[in-house]
Amino acid sequence: MSNTHPAPVASEHITLKARKVSFDWEKTPLHWVPGDPFTTHTINVLHLLLPAGERWFVHVYKQVLPYIRDDRLREDVIGFIGQEAMHSQAHDDVLPHLKKLGLDPTPYTAQVDWLFEKLLGDRTLPPGKARKWWLLERVALIAAIEHYTAFLGNWVLNAEELDRRGADPTMLDLLRWHGAEEVEHRSVAFELFMHLDGGYRRRVRTWATAFSALVFLWQRGTRFFMENDPTLPAGKATFKDFHRAGHEGVLPSTSDMLRSIPRYLSRAYNPSQEGSTAQAVAYLAASPGANGAH
């Protein structure tokens, strides 16, 4: 299969750096989207998945560094590692606040930790082809996942309906700081995959695995939050609720998510098609959490 590198939409290369952020959760309510626990908890799943997931990204990429033959790409990967480590820490810091509000995430996060540390972790494989194959599989999985983090980052930067609904400004800032950095470094994972392998069959196979896992984990996480929310005696999560929230603009729409699939599977795909670096950098320059204002 062809390993041709698709051309980017525009040259938007920027030096990546980890930003030290700080968020004060003291005034953030349990339902930080007022009157909408479903939307709140659907987005809250990020706090369950990302700490373990992004620690896994960092672990895999540190193993990959010796295989990178392009100096600029190596620097981008090092910057990516720094940003992902900070993302993991920032979302991890939300979990004690949720527990304080009566919603203990530990039963779910323990399962997520097992997934990334055991199922997707290092395996006892002999040095050589088998070990490198497993490393490249995980690099391809990360590229597929990063397609969706860039998609979500671009969405949250433009989700004005959350502002109109009075969503908690600190939580919005966390999400938009993170989303802006996902847009900022959106090309790194895919470029690394193309640099090391780029096989189209592997891209399709790992996309199917990543997409299926994300859908499963997200709906399971939303159900977990709704069923364990102490203020919702009969809390439920349904696809109808998701479709409704997407139609209203407080979650990504079903149609937008479906349209993201052929973009990634296209042989002409390039991550620069997802979002705007200029918009991301502008938000990062103004973010209260990234500039010591929280």
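Relevant structure appears above.
Cut-offs and rules
- Each chain carries its own residue numbering, running from 1 in the direction its sequence is written.
- Only residues with pLDDT of at least 70 get local features here, since the model is predicted, and only at 80 or more are side-chain atom pairs given and counted; chain-wide, interface and lining totals rely on the full set of residues.
- As a convention, hydrogens and water are excluded, and side-chain values are obtained from all of the structure's heavy atoms.
- By definition, any uninterrupted DSSP run of H or I lasting at least four residues is a helix, any uninterrupted run of E lasting at least two residues is a strand, and each is numbered from the N terminus.
- Values of the radius of gyration come from C-alpha atoms, whereas the globule rule sets the reference at 2.2 Å times the count of residues to the power 0.38.
- Each residue is placed in one exposure class: buried if its accessible area under a 1.4 Å probe, protein chains only, is under 20% of its type's maximum, exposed if it is over 50%, and partly exposed if it falls in between.
- The contact criterion used is simple: two residues touch if any of their non-hydrogen atoms lie within 4.5 Å.
- Only the protein chains shown count as covering a residue, and every accessible area follows the Shrake-Rupley method with a 1.4 Å probe.
- Whenever Lys or Arg places a side-chain nitrogen within 4 Å of a carboxyl oxygen from Asp or Glu, that contact is recorded as a salt bridge.
- Buried Ala, Val, Leu, Ile, Met, Phe, Trp, Tyr and Cys residues that are joined via side-chain atoms within 4.5 Å together make up what is termed a nonpolar core.
- Here a Phe, Tyr or Trp ring, Trp counted by its six-membered ring, pairs with any other such ring whose centre lies within 6.5 Å, and the pair is stacked when the planes are under 30 degrees apart, edge-to-face when over 60, and tilted otherwise.
- We call a charge positioned over a ring when the NZ of a Lys or the CZ of an Arg lies within 6 Å of the ring centre and within 35 degrees of the ring normal.

Q: An account of the overall build of the protein is needed here, citing residue identities and associated values.
A: Looking only at helices and strands, one finds twelve helices and zero strands in the protein. Here the protein has a C-alpha radius of gyration of 19 Å; the compact-globule value for 294 residues is 19 Å, and the two agree. By its C-alpha atoms, the protein is 55 × 40 × 35 Å across when sized along the principal axes. Burial status across the protein gives 53% buried among its 294 residues. Contacts in the protein between residues far apart in sequence, at least 24 positions, make up 84% of those at least 6 positions apart. When the accessible surface of the protein is split by element, carbon and sulfur atoms take 58% of a total near 13600 Å².

Q: So what's going on with the pattern of salt bridges? Residues and values would help.
A: Any two side chains of opposite charge can pair, so long as their charged atoms come close to each other. Counting across every chain of the model gives 19 salt bridges. A salt bridge links Arg138 to Asp122, with the nearest nitrogen and oxygen atoms 3.0 Å apart. On the criterion of sequence distance, the pair formed by Arg138 in helix H5 (residues 129–157) and Asp122 in the loop between helix H4 (106–119) and H5 is long-range, its members being 16 residues apart. Residue class for Arg138 comes out buried when judged on its relative accessible area of 2%. Arg165 is paired through a salt bridge with Glu248; the nearest N and O atoms lie 3.0 Å apart. Note that Arg165 is positioned in the loop between helix H6 (160–164) and helix H7 (169–184) and Glu248 in helix H10 (residues 239–248), a separation of 83 residues in sequence. A relative accessible area of 29% places Arg165 in the partly exposed class. Classification of Glu248 by relative accessible area gives partly exposed; the value is 31%.

Q: Which residues make up the nonpolar core, and what values do they have?
A: By size, the foremost hydrophobic cluster in this structure holds 87 residues, and its most contacted members are Trp56, Tyr61, Trp177 and Leu192. Leave out the neighbours within four places in its chain, and Leu192 touches Tyr61, Val64, Ile68, Leu73, Val77 and Val139.

Q: An account of the environment of Pro127 is requested, with residue identities and associated values reported.
A: Tracing the backbone through its elements, the reader meets Pro127 in the loop between H4 and H5. Look at Pro127 and you get exposed, because its relative accessible area is 67%. For the pair formed by Pro127 and Arg74, sequence separation is 53 residues and the distance between their alpha carbons is 23 Å.

Q: An account of the packing of aromatic side chains is needed here, citing residue identities and associated values.
A: For any pair of aromatic rings, the description rests on two quantities: the centre-to-centre distance and the angle between the ring planes. For the structure shown, the criterion picks out 16 aromatic pairs. When the centroid spacing of 6.5 Å and the interplanar angle of 25 degrees are considered together, the rings of Phe57 and Phe80 count as stacked. Of this pair, Phe57 sits in helix H1 (residues 37–64) while Phe80 sits in helix H2 (residues 71–92); the two residues are 23 residues apart in sequence, bridging distant segments of the chain. Across this residue pair, the class does not change: Phe57 and Phe80 are buried. Centroid distance Tyr108 to Phe224: 5.8 Å. Interplanar angle 35 degrees. Geometry classified as tilted. Of this pair, Tyr108 sits in helix H4 while Phe224 sits in helix H9 (residues 200–228), and the two are 116 residues apart along the sequence. In this structure, Tyr108 and Phe224 share a single accessibility class: buried. Over the face of the ring belonging to Trp134 we find Arg123, whose NZ or CZ atom lies 3.7 Å from the ring centre. Note that Arg203 overlies the ring of Tyr264, its terminal NZ or CZ placed 5.8 Å from the centroid.

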